[in-house]
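Residues per chain, in single letters:
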Amino acid sequence: ETAPTSAYSSPARSLGDTGITPLSPSHIVNDTDSSVSEQQAFLVVVAIDFGTTSSGYAYSFTKEPECIHVMRRWEGGDPGVSNQKTPTTILLTPERKFHSFGYAARDFYHDLDPNEAKQWLYLEKFKMKLHTTGDLTMDTDLTAANGKKVKALEIFAYALQYFKEQALKELSDQAGSEFENSDVRWVITVPAIWKQPAKQFMRQAAYQAGLVSPENSEQLIIALEPEAASIYCRKLRLHQMIELSSKAAVNGYSGSDTVGAGFTQAKEHVRRHRQSRTFLVENVIGEIWSELEEGDKYVVVDSGGGTVDLTVHQIRLPEGHLKELYKATGGPYGSLGVDYEFEKLLYKIFGEDFIEQFKIKRPAAWVDLMIAFESRKRAAAPDRTNPLNITLPFSFIDYYKKFRGHSVEHALRKSNVDFVKWSSQGMLRMSPDAMNALFKPTIDSIIEHLRDLFQKPEVSTVKFLFLVGGFAEAPLLQQAVQAAFGDQCRIIIPQDVGLTILKGAVLFGLDPTVIKVRRSPLTYGVGVLNRYVEGKHPPEKLLVKDGTRWCTDVFDKFISADQSVALGELVKRSYTPAKPSQLVIVINIYSSEHDNVSFITDPGVKKCGTLRLDLTGTSGTTVPARREIQTLMQFGDTEIKATAIDIATSKSVKVGIDFLNY
């Protein structure tokens, strides 16, 4: 169809693109009626918080939305770690079949004979891979503890399938009869700073796990973690949070001792109520929230195991809808960073060669060591004076002697790490300073990131900072945030801070319309032909077709990165085939992280969808000389749908934007 007419190669020509050209100036249509999809009647909302280090689910029956139930207590558990959630660990048999998840996976793996353990595939903290992989596809691999590779999609699907089965079982037990999956609206939370492919990957995994089918895609909402937290924070009552600000006395505590005392008191409160897994969320706006006025801004800092997510929201009255003011930022500064520093410390004392070897040869013992570290990590606090003891597994001591020919004790004496000592009970004894030093790089990154954010004009007048996520439990992080920003805004920590996102995700599933405006993370557009203008268009883009001079590869923009997009907003454009007789019309959709994109060949532009409209067999109808093809893009939750309609025949084709398969 498109014979190249110039020596220059261009994607439009090499792809054999049948060209389209814009018809009309563009306009945005806010089609509010069509955006409100027919609400299916779900009986229950189940939210899954699939975390880097720990995961869990919670649910609420749509008939009594003020009760949020957190999943039943799971078997297993660690000393010193409160477990409403379970570790995100998964075990596959040597035949690569799903075996177990969470504590069960960890304990079973641990009890295997070391030689047998090498055959089993044990994975933990694998969610980070979706954040760090630049070119994520359906075929991206993960590496198990024994060094073997498995498909990421399979692992994520196994994990989601496990949660689905657990939740349905619990719901069936409660209802006293079999609970149908079709009665459930599922919500899965993801970090806001994840790129589009990672968000889409989660949805694909959910399809594969049988949570929902692609035909009923509305049954699953992909929610953003800080947004979920934000929704929950609106409902907080004064007794459900701790304020860390130096401004005023809170609950009779003055600012300086709130960090320690307020939190201890809160932990006591949580401990007493831990047996009850049902949380009442009163159908009111919390007191803190009622102090917020139209236009007020607040920051949600969601610090978890893998990432830190910063989101700025603004209140829109009267309904108190949320508007995202500044596109989510953050980075890989989760509590994993602290584990990594501990690993580096072990390298320093025992040698990197030994540690890497030990991980592969004794994977279960390595897991043990990290569990022991985890519980001590939770005991770190700014004012701590007594040392923290970390038990070294027997096989560590034994294997080290074989490997090096001298004892662990000798290694500690010889290494010049003066704040880690060997205690006679076979433990590493760390001074509080040594432990605090392990937190420092991660906390510094978080504070620096927040400083950058506070520099932005949109963020200058923030009233509150909500600190949420599992890492927000760390007193060292609380103190650092308090010290850096306590004089600029009020710092609030919800009491059961590790469950904030889970509960907010349930509330979001009950009423998805609460978030009204988001920022588009990318620029979207389609590739078109424009009339060639001498001097304006680069000569290599010239294409002559039937005597008409066209400029190829033009990026026709639908929406810019960081532009506000209302939920359900429709953007319409009209095109016409460059050649009137053309019957197969191909519209390619592209995206870019940059705003100013002129051509689809610009650096960083990626193809993320194709609309193929086949109009053969419609020649019976009288077709106008200039055929109008209307293209619509609808910006939904984390999905974007595109449609092309031939106006003369009403023939249409739909496609979801796809970042994984191009």
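Residues numbered from 1 in each chain as written. Predicted model: local features only at pLDDT ≥ 70, side-chain atom pairs only at ≥ 80, totals over all residues. Heavy atoms only, no water.

### Concerning the overall build of the protein chain
Under the convention used in this document: Numbering of helices and strands runs from the N terminus; a helix is a DSSP stretch of H or I covering at least four residues, while a strand is a stretch of E covering at least two. Each residue's exposure class comes from its accessible area (1.4 Å probe, protein chains only) as a fraction of the maximum for that residue type: buried when under 20%, exposed when over 50%, partly exposed otherwise. Residues are treated as being in contact if the distance between any of their heavy atoms lies within 4.5 Å. Where accessible areas are quoted, they stem from the Shrake-Rupley method and a 1.4 Å probe; at the residue level, only the protein chains shown are allowed to cover.
In terms of helices and strands, the protein chain carries 18 helices and 34 strands. Looking at the protein chain residue by residue over its 662 residues, the buried ones come to 56%. For the protein chain, contacts bridging at least 24 residues in sequence account for 71% of all contacts bridging at least 6. Total accessible area on the protein chain stands at roughly 27,900 Å², and carbon and sulfur atoms take up 51% of it.

### Comments concerning the pairing of strand 25 (residues 523-531)
Convention followed: Only when DSSP finds a minimum of two bridges between them are two strands counted as paired.
Judged by how many residues are buried, strand 25 sits mostly within the fold: 7 of 9 residues are covered. Sheet analysis places strand 25 next to strand 30 (residues 584-592), joined by 4 bridges and oriented antiparallel. Across the sheet, Tyr524 pairs through a bridge with Ser591, a residue of strand 30. Bridge count for strand 25 against strand 27 (residues 548-559) is 7 bridges, and the pairing is antiparallel. Residue pairing for strand 27: Val526 is matched across the bridge by Asp556.

### Looking at the environment of Arg451
When you line up the elements, Arg451 lands in helix 16 (residues 432-455). For Arg451, a relative accessible area of 43% corresponds to the partly exposed category. For the pair Arg451 and Ala484, spaced 33 residues apart in the sequence, the C-alpha separation amounts to 8.5 Å. The residues touching Arg451, leaving out its near neighbours within four places in the chain, are Ala484 and Phe485.

### Details of the environment of Val417
Of note, Val417 is situated in the loop between helix 15 (408-414) and strand 20 (420-423). Its relative accessible area of 5% is what places Val417 among the buried residues. Other than its neighbours up to four places away in sequence, Val417 contacts Leu345, Lys348 and Ile349.

### Some points on the confidence of the model for the protein chain
What counts is decided by this rule: Confidence scores per residue from the predictor, reported as pLDDT, run from 0 to 100.
In this model, the protein chain carries a mean pLDDT of 79, and residues with pLDDT of at least 70 account for 81%. No element of the protein chain has a lower mean pLDDT than helix 2 (residues 32-35), at 40, and none a higher one than strand 8 (residues 98-101), at 94. Here residues 246-276 is a poorly scored stretch, pLDDT under 50, and it has 34 contacts once near neighbours within four places are set aside; other chains count.

### Observations concerning the packing of helix 12 (residues 352-361) against helix 13 (residues 363-377)
Test applied: Axis lines are fitted to C-alpha atoms, over the contacting stretch for helices. Their N-to-C directions set the angle, which ranges from 0 to 180 degrees. Should an angle fall under 35 degrees it is taken as roughly parallel, and over 145 as roughly antiparallel, whereas 65 to 115 is taken as roughly perpendicular and any remaining angle as oblique. Basically, the charged four are Asp, Glu, Lys and Arg, the nonpolar ten are Ala, Val, Leu, Ile, Met, Phe, Trp, Tyr, Cys and Pro, and anything else, Gly included, counts as polar.
Interaxial distance between helix 12 and helix 13 falls to 5 Å at its minimum, and their mutual angle equals 115°. Comparing the axis directions of helix 12 and helix 13 gives the class roughly perpendicular. Seen from helix 12, the contacting residues are Ile355, Phe358, Lys359, Ile360 and Lys361; seen from helix 13, they are Pro363, Ala365 and Trp366. Tallied by class, residues from the contact of helix 12 with helix 13 come to 6 nonpolar, no polar and 2 charged.

### Structural notes on the sheet that holds strand 21 (residues 427-430)
Spatially, 3 strands are ordered 19-21-20 in an open sheet, and the strand pairing comes out antiparallel. The open sheet has two edge strands, strand 19 (388-391) and strand 20, and neither has a second partner. Each adjacent strand pair in this sheet contributes to an overall mean axis angle of 30°, direction not counted. Sheet topology places strand 20 next to strand 21; 4 bridges connect them, and they run antiparallel. Considered in strand 21, the bridge of Val420 is made with Met430. Against the sheet, helix 11 (residues 336-350) contacts strand 19, strand 20 and strand 21, and its axis sits at roughly 115° relative to strand 21.

### Observations concerning the nonpolar core
So the rule is basically this: Among buried residues, those of type Ala, Val, Leu, Ile, Met, Phe, Trp, Tyr and Cys that are joined through side-chain atoms within 4.5 Å constitute a nonpolar core.
By size, the foremost hydrophobic cluster in this structure holds 145 residues, and its most contacted members are Phe156 and Phe350. In terms of residue count, the dominant contributor to this core is helix 6 (residues 152-175) (13 residues). Dropping the residues within four chain positions of it, Phe350 is found in contact with Ile355, Leu392, Phe396, Tyr400, Arg404, Val408, Ala411 and Leu428. With 31 residues, the next largest nonpolar core counts Val528, Val554, Ile585 and Ile587 among its residues.

### Focus: the environment of Gln482
As for its position among the elements, Gln482 is in helix 17 (residues 475-485). What makes Gln482 buried here is its relative accessible area of 14%. Sequence separation between Gln482 and Glu243 is 239 residues; the distance between their C-alpha atoms is 9.8 Å.

### Some words on the pattern of salt bridges
Note the following rule: When a carboxyl oxygen of Asp or Glu is within 4 Å of a side-chain nitrogen of Lys or Arg, the pair counts as a salt bridge.
Here the structure, examined in full by the defined rule, presents 18 salt bridges. The closest approach of N and O atoms between Lys359 and Glu356, which form a salt bridge, is 3.4 Å. Here Lys359 and its partner Glu356 are both found in helix 12, 3 residues apart, which amounts to about one turn of the helix. Note that Lys402 is salt-bridged to Asp398, the shortest N-O span being 3.1 Å. Of the two residues, Lys402 and Asp398 both sit in helix 14 (residues 394-404), 4 residues apart, roughly one turn of that helix. The exposure class assigned to Asp398 is partly exposed, which follows from its relative accessible area of 29%. Sharing partners across several salt bridges, the network here consists of Lys125, Asp339, Glu374, Lys377, Arg378 and Glu473.

### Re unusual backbone geometry
Residues apart from glycine generally show negative phi values, whereas peptide bonds are mostly found in trans. With a phi close to 70°, Arg96 is a non-glycine residue in the positive phi region. Among the structural elements, Arg96 can be located in the loop between strand 7 (89-92) and strand 8. The residue Asp553 is not glycine, and still its phi comes out positive at about 65°. Inspection of the secondary structure assignment puts Asp553 in strand 27.

### Topic: the packing of aromatic side chains
Threshold: Two rings from Phe, Tyr or Trp (for Trp, the six-membered ring) form a pair when their centres are within 6.5 Å of each other. A pair whose planes differ by under 30 degrees is stacked, one over 60 is edge-to-face, and the rest are tilted.
Using the criterion set out here, one finds 29 aromatic pairs in the structure. Both rings, one in Phe358 and one in Phe396, keep their centres 5.0 Å apart while their planes meet at 80°; by these two values the pair is edge-to-face. Taken together, the residues Phe358 in helix 12 and Phe396 in helix 14 connect sequence positions 38 residues apart. For the pair Phe358 and Phe396, a shared accessibility class is recorded, and that class is buried. What links up through ring pairs into an aromatic cluster is the set Phe350, Phe354, Phe358, Phe396, Tyr399, Tyr400 and Phe403.

### Structural notes on the sheet that holds strand 30
Read across the open sheet, the 5 strands follow the order 26-27-25-30-31; overall the sheet is antiparallel. Two strands lie at the open edges of the sheet, namely strand 26 (542-545) and strand 31 (606-614), each paired on one side alone. Each neighbouring strand pair of the sheet contributes to a mean axis angle of 35°, computed without reference to strand direction.

### Focus on helix 13
Residues spaced three or four apart along an α-helix face the same direction, because each turn holds 3.6 residues. Rules: By this rule the span expected of a helix is its residue count minus one, scaled by 1.5 Å.
Compared with an ideal rise of 1.5 Å per residue, which puts 15 residues at 21 Å, helix 13 spans 21 Å between its outermost C-alpha atoms and is within 8% of the ideal. Most of helix 13 is tucked away, with 13 of its 15 residues classed as buried.

### Some remarks on the side chain of Glu341
Turning to its location among the elements, Glu341 is positioned in helix 11. Residue classification places Glu341 among the buried residues on the basis of a relative accessible area of 17%. Contacts of Glu341, omitting those with residues within four sequence positions, involve Leu438 and Pro441.

### Structural notes on the packing of helix 6 against helix 7 (residues 196-208)
For any two helices packed against each other, one specifies the crossing angle of their axes together with the interaxial distance. For clarity, the threshold we go by: Should the near helix be turned anticlockwise from the far one by less than a right angle, the crossing is termed left-handed; should it be turned clockwise, right-handed.
With their axes 8 Å apart at the nearest point, helix 6 and helix 7 run at an angle of 60° to one another. Considered as vectors, helix 6 and helix 7 are oriented oblique to each other. The two elements helix 6 and helix 7 cross, and the hand of that crossing is right-handed. Along its contact with helix 6, which presents Ala152, Leu153, Glu154, Phe156, Ala157 and Leu160, the element helix 7 presents Phe201, Met202, Gln204, Ala205, Ala206 and Gln208. Of the residues that constitute the contact of helix 6 with helix 7, the class distribution is 9 nonpolar, 2 polar and 1 charged.

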